[in-house]
Amino acid sequence: MKLRTDLALISEWIAEGSHVLDLGCGDGTLLAHLHNARQVTGYGLEIDDDNIAQCIQAGVNVIHTDLNQGLSDFNDESFDYVVMTQALQIIHRPDLLLMEMLRVGRQGIVTFPNFGHWRARLSLFFGGVMPTSRALPSEWYNTENIHLCSLRDFEKLCEMLDIEVLQRTVVDTKHHSTGLMRFMPNVFGEIALYRFRSKPVKRIYPKQSL
Amino acid sequence: MTKALDYFDPASQHDDDLSAALVEVLAKFLVISFTSDWRFSPARSRKIVKALLDNKKEVSYAEIKSHDGHDAFLMQIPHYLQIFQAYMQQIEITGEES
């Protein structure tokens, strides 16, 4: 089976043999692929019963978890990467979860639909209605998305949370990337992929020994 | 039997630290809890899961929605059966390979 292209892009960002936590891991496709192709170990977190059964069927370690409750079962820096694909926008507090991701992992990887895409802008500006598109198929009243953002919004939040972006890619819903998207990602990118980490702490005073 | 179960404390010889008690385990784990179980609540199962996660052991955890109190584990709850079946099938497959 061919891997979804955004998952293929993410797996290229993940070093061989690393320990990965996948938030909202779905049926476990990404972790199963990373395990087979790159000897990656780790866990998926899921809340949906059917998805949990499918993960177990695929031999993926999965832990029933409500991501809105945070990641308190995991110790600081216990993972090389914490991944979250297409779930940032359905979380109650994405800012708090991003901090949690970088507490338990050395690096974070997220993907989300770009609300700054030109179709979304046109739809609101000329149509006066909430945008729907290939990346945002649901209507405003039945969508799970409660915290949509654009690339610029996400990067502003990163700045505020002292998060350093290491890598960024934008693709369309077929997960292709074009020159136009690279030129103006916040206008032409439909789905954004980011890899990031905490900024190294700048110490003003020398560290005190206790 | 009930008394023996009640007094069994795997952490007692490890300063009451369950994570320390599970350092040596080699097995893979599937922990299943039931929301209606007042005797062994999901919160307590999560403690076992946490101790295994602390040691980076192979573990899966499922919390089954149930209405049958502590006896839920005897009931034919579709997701419970589905998850249990999926896990047992995995064991068979790995057994054949090795």
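Scroll up to find the structure this text is about.
Let me begin by describing the structure that accompanies this report. Everything quoted here is computed from the prediction, not taken from an experiment.

Details of the overall build of chain B
Of the regular secondary structure elements, chain B holds four helices and two strands. Overall, chain B shows an N-to-C arrangement of helices and strands of α-α-β-α-β-α. The principal-axis extent of the C-alpha atoms belonging to chain B is close to 40 × 40 × 25 Å. Each of the 98 residues in chain B was classed as buried or not, and the buried ones make up 17%. A sequence separation of at least 24 residues applies to 61% of the contacts in chain B between residues at least 6 apart.

Focus on the overall build of chain A
When helices and strands are tallied, chain A shows eight helices and seven strands. Its C-alpha atoms give chain A a radius of gyration of 18 Å, within 12% of the compact-globule value 17 Å for 210 residues. Seen through its principal axes, chain A has C-alpha atoms that stretch 60 × 50 × 35 Å. Looking at chain A residue by residue over its 210 residues, the buried ones come to 40%.

Notes on the interface of chain B and chain A
With 18 residues of chain B at the interface, the matching set in chain A holds 14 residues. At the level of elements, helix 3 (42–54), strand 2 (59–64) and helix 4 (78–97) of chain B are the ones that each hand at least two residues to the side of chain B that touches chain A. At six residues, the largest contribution of residues to the side of chain B that touches chain A is made by helix 4 of chain B. Partitioned by chemical class, the residues of the side of chain B that touches chain A number eight nonpolar, four polar and six charged.

A look at the nonpolar core
With 66 residues, the main nonpolar core has A:V20, A:V62, A:V83 and A:A192 as its most contacted residues. For A:V62, the contacting residues outside a window of four places in its chain are A:C25, A:G28, A:Y43, A:G44, A:E46, A:I52, A:C55, A:I56 and B:S60.

Some points on the packing of helix 1 (residues 5–13) of chain A against helix 2 (residues 29–38) of chain A
Relative orientation and spacing of two packed helices are given, respectively, by the angle between their axes and the distance between those axes. Residues and elements named next belong to chain A. Orientation of helix 1 relative to helix 2, taken along the N-to-C sense of each, is 45°, at an axis distance of 10 Å. With respect to helix 2, the element helix 1 is oriented oblique. The chirality of how helix 1 crosses helix 2 is right-handed. Judged by residue contacts, L7, I10 and S11 of helix 1 engage T29, L30, H33, L34, A37 and R38 from helix 2. A class-by-class count of the residues in the contact of helix 1 with helix 2 yields five nonpolar, three polar and one charged.

Let's talk about the pairing of strand 2 of chain B
Residues and elements named next belong to chain B. Burial of strand 2 is extensive: six of the six residues sit out of reach of the surface. Along strand 2, one buried face is formed by V59, Y61 and E63 and the opposite face, lined by S60, A62 and I64, is buried too. Relative to strand 2, strand 1 (residues 29–34) is paired through six bridges, and the arrangement is parallel. Considered in strand 2, the bridge of V31 is made with Y61. Following the backbone out of strand 1, through helix 3 and into the adjacent parallel strand 2, one traces a crossover that is right-handed.

Quick word on the pairing of strand 1 (residues 19–23) of chain A
Residue and element names in this part refer to chain A. Burial runs high along strand 1: four of the five residues are buried. For strand 1 and strand 2 (residues 41–46), the ladder comprises five bridges, and the chain directions are parallel. Each bridged residue has a counterpart across the sheet, and for L21 the counterpart in strand 2 is Y43. Between the parallel pair strand 1 and strand 2, the chain is carried across by helix 2, and the sense of this crossover is right-handed. For strand 1 and strand 4 (residues 79–85), the ladder comprises four bridges, and the chain directions are parallel. Paired with D22 across the two strands is V83, which belongs to strand 4.

Some thoughts on the environment of A:E159
All names here are of chain A. Residue position: E159 is located in helix 6 (residues 151–160). According to the C-beta neighbour criterion, E159 is exposed, with 12 such atoms within 10 Å. Counting along the chain gives 40 residues from E159 to K199, while the straight-line C-alpha distance between them is 9.5 Å.

Considering the environment of A:F183
All names here are of chain A. Among the structural elements, F183 can be located in helix 7 (residues 179–183). Judged by the 9 C-beta atoms lying within 10 Å of it, F183 falls in the exposed class. With 57 residues separating them in the primary sequence, F183 and F126 have C-alpha atoms 24 Å apart.

A closer look at helix 2 of chain A
Residue and element names in this part refer to chain A. Of the residues making up helix 2, those classed as buried are T29, L30, L31, A32, H33 and L34. The inward-facing, buried residues of helix 2 contact helix 1, strand 1, strand 2 and strand 4. Q39 occupies a position one or two residues after helix 2 and carries a positive phi of about 55°.

About the cut-offs
Residues numbered from 1 in each chain as written. Chains lettered and ligands numbered in written order. Predicted model: local features only at pLDDT ≥ 70, side-chain atom pairs only at ≥ 80, totals over all residues. Helix = DSSP H or I, 4+ residues; strand = E, 2+ residues; numbered from the N terminus. Buried ≥ 20, exposed ≤ 12 C-beta atoms within 10 Å, placed from the backbone. Contact = placed C-beta atoms within 7 Å. Rg over C-alpha atoms; globule rule 2.2 N^0.38 Å. Nonpolar A, V, L, I, M, F, W, Y, C, P; charged D, E, K, R; others polar. Core = buried A, V, L, I, M, F, W, Y, C linked by C-beta atoms within 7 Å. Axes fitted to C-alpha atoms, helices over the stretch in contact; angles between N-to-C directions. Parallel < 35°, antiparallel > 145°, perpendicular 65-115°, else oblique. Left-handed = near helix turned anticlockwise from the far one by under 90°. Pairing = 2+ DSSP bridges. Right-handed = clockwise from strand over helix to strand, strands pointing away.

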